[in-house]
Structure formats: C-alpha cells, structure tokens
Amino acid sequence: MTDTPATKNINGISHSGFYVEDLDRTTEFYTKVLGAKVAWRNDQSANPLMKLYIGDFGLSIIKRPPNEPKGSDIPHAIHWAYRVDPAKAEETIEYIKSCGIKVEGPVGHKREPGILNWFFLDPDNYRVEVEARFATAKEGEEVLERNKAHRNEEMGLYGGDANRAKLKQGA
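Computed from a prediction, not measured in an experiment: that's the story for all the values here.

A separate point is the overall build of the chain. When helices and strands are counted, the chain shows 5 helices and 8 strands. Counting from the amino terminus, the chain carries its helices and strands in the arrangement α-β-α-β-β-β-β-α-β-β-β-α-α. Seen along its three principal axes, the alpha-carbon backbone of the chain occupies a region of about 50 × 50 × 30 Å. Looking at the chain residue by residue over its 171 residues, the buried ones come to 36%.

A few words on the pairing of strand β7 (residues 115-121). The element β7 is largely enclosed, with a buried count of 6 among its 7 residues. As consecutive antiparallel partners, strand β6 (residues 104-108) and β7 are separated by 6 residues, and within that stretch Gly114 has a phi angle of approximately 95°, a positive value. What sits between β7 and strand β8 (residues 127-133) in their antiparallel hairpin is a turn of 5 residues, with Asn125 showing a positive phi close to 70°.

Let us look at the packing of aromatic side chains. Applying the stated rule across the entire model yields 8 aromatic pairs. Judged by centre distance (5.0 Å) and plane angle (80°), the ring pair of Trp80 and Tyr126 falls under edge-to-face. One end of the pair, Trp80, is in strand β5 (residues 79-84); the other, Tyr126, is in the loop between β7 and β8, with 46 residues separating them in the sequence. Comparing Trp80 with Tyr126, the two get one shared label, buried. Taken together, the aromatic side chains of Phe18, Phe29, Tyr30, Trp80, Phe120 and Tyr126 make up a single cluster linked through ring pairs.

A few words now on the sheet that holds strand β1 (residues 15-20). Ordered in space as β1-β4-β3-β2, the 4 strands form an open sheet in which the pairing is mixed. For this open sheet the edge positions go to β1 and β2 (37-42), each flanked by a neighbour on one side alone. For this sheet the average axis-to-axis angle between neighbouring strands, irrespective of direction, equals 20°. Bridge count between β2 and strand β3 (residues 49-54): 5 bridges; the pairing is antiparallel. Residue Arg41 lies in a different strand from β3, and its bridge partner there is Met50. Sitting on the sheet, helix α2 (residues 23-34) touches β1, β2, β3 and β4 (57-63), and the angle it makes with β3 is about 5°.

Before going further, it helps to spend a moment on the sheet that holds β7. Strands pair in a sheet through their backbones, by hydrogen bonds, and they do so in one of two ways: parallel or antiparallel. The strand order across the open sheet formed by 4 strands is β5-β8-β7-β6, and the pairing between neighbours is mixed. Strands with a single pairing partner mark the edges of an open sheet, and in this sheet they are β5 and β6. Recorded for the sheet is a direction-independent mean angle of 25° between the axes of neighbouring strands. Pairing analysis gives 6 bridges linking β5 to β8, with the strands arranged parallel. By the bridge assignment for β8, His79 is matched with Arg127. Strands in contact with α2 are β5, β7 and β8; relative to β7, the strand with the most contacts, it is inclined by about 150°.

A few words now on the nonpolar core. A general trend in soluble globular proteins is that nonpolar side chains are found buried together. By size, the foremost hydrophobic cluster in this structure holds 33 residues, and its most contacted members are Tyr30, Leu34, Leu59, Tyr82, Ile96 and Phe120. When residues of this core are traced back to their parent elements, those giving at least two are β1, α2, β3, β4, β5, α3 (89-98), β7 and β8. Residue contacts for Tyr30: discarding those within four places in its chain leaves Phe18, Gly35, Ala36, Leu52, Ile54, Leu59, Tyr82, Asp122 and Val128.

Reading the values: rules and limits
- Residues numbered from 1 in each chain as written.
- Predicted model: local features only at pLDDT ≥ 70, side-chain atom pairs only at ≥ 80, totals over all residues.
- Heavy atoms only, no water.
- Helix = DSSP H or I, 4+ residues; strand = E, 2+ residues; numbered from the N terminus.
- Buried < 20%, exposed > 50% of the residue type's maximum accessible area, 1.4 Å probe, protein only.
- Pairing = 2+ DSSP bridges.
- Phe/Tyr/Trp six-rings, centres within 6.5 Å; stacked < 30°, edge-to-face > 60°.
- Axes fitted to C-alpha atoms, helices over the stretch in contact; angles between N-to-C directions.
- Contact = heavy atoms within 4.5 Å.
- Core = buried A, V, L, I, M, F, W, Y, C linked by side-chain atoms within 4.5 Å.

Next comes the structure, spelled out in structure tokens:
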C-alpha cells in the first residue's frame, strides 16, 4: 500500500450514528449496560439527538424522525463491537446478563484464534458485540469450554442474516 495522507494520518474510528425510537430508553441501556458517558444531549432540535461515549468511541444517536420509515429487520452487518480485557470478559458478560440482557456466546472467531465474541441486542434491536482478544488460542478455548452450556445459539446473532432467518422459521 502506498503511503498517502490518509494512510499516514487517519488513526482510528471516531463515532457511529444511528436512529432510535426513544432517547431516554437508549440512554438508560447504554449507560447502565455498557458504561457509556453522556457527552451532550439536545432535545430542542427538530430531530432530538445526543452523543454518548464508550471509551473513546462515540455514538451519535438521533431520535427517529416521524416521517423516517423504520426497517423491520436490521441487517446482521450493522452492529457495534466493543473490546474488553480478556481477564475481565466473563465478569463483564455476567454483569450484562444481570441487567436482564440475553447474551449469545461466547463464540470463537473462525479466522482469528484467541478472539471470543458475545452478542446481544439493544432496545432498538441493533446487534451489540463484546470482543475479547486472548493472548493464546488455548486461553480462548478454555473460556469457550467453560461457557459452552450457556451459549444461547438459538438467538441467531452470530451466524448472519441467513442463520437468523432459518432460526425464525423454525420458531
């Protein structure tokens, strides 16, 4: 790859934006479950919006305008993945579950040994992912084995849209 100003100067991701039905409900979820911090909120705007931060990743969240159609099913590809210290991964997932959130996983990453992922939905059905990068594949395998009985594969959040559709048909 050729060095360009973009390859030399862009050093990460800043934020992502999305619509929600209820800003209060979304604030409650992201602050309680994922420890987000509210940077600002504007309820006076024609389209009320806010900015939350989880670590240094921003979420620009906009209340869905009344004339904006709501998609019936959010595609699998649209999701947010948050990194967690592998030593704290299981503790973090237990906390998320204690908030009444059903979690699928852990799931091993097929192409990157040592990476485990857990998946759940936010109040607007966006897919949220927690990822732990273990130092060795063996460490990740030990966590997978310990948690095998409680993976909740029936949620279908890991396998993509085709897997979710197949699971819905069987329900």
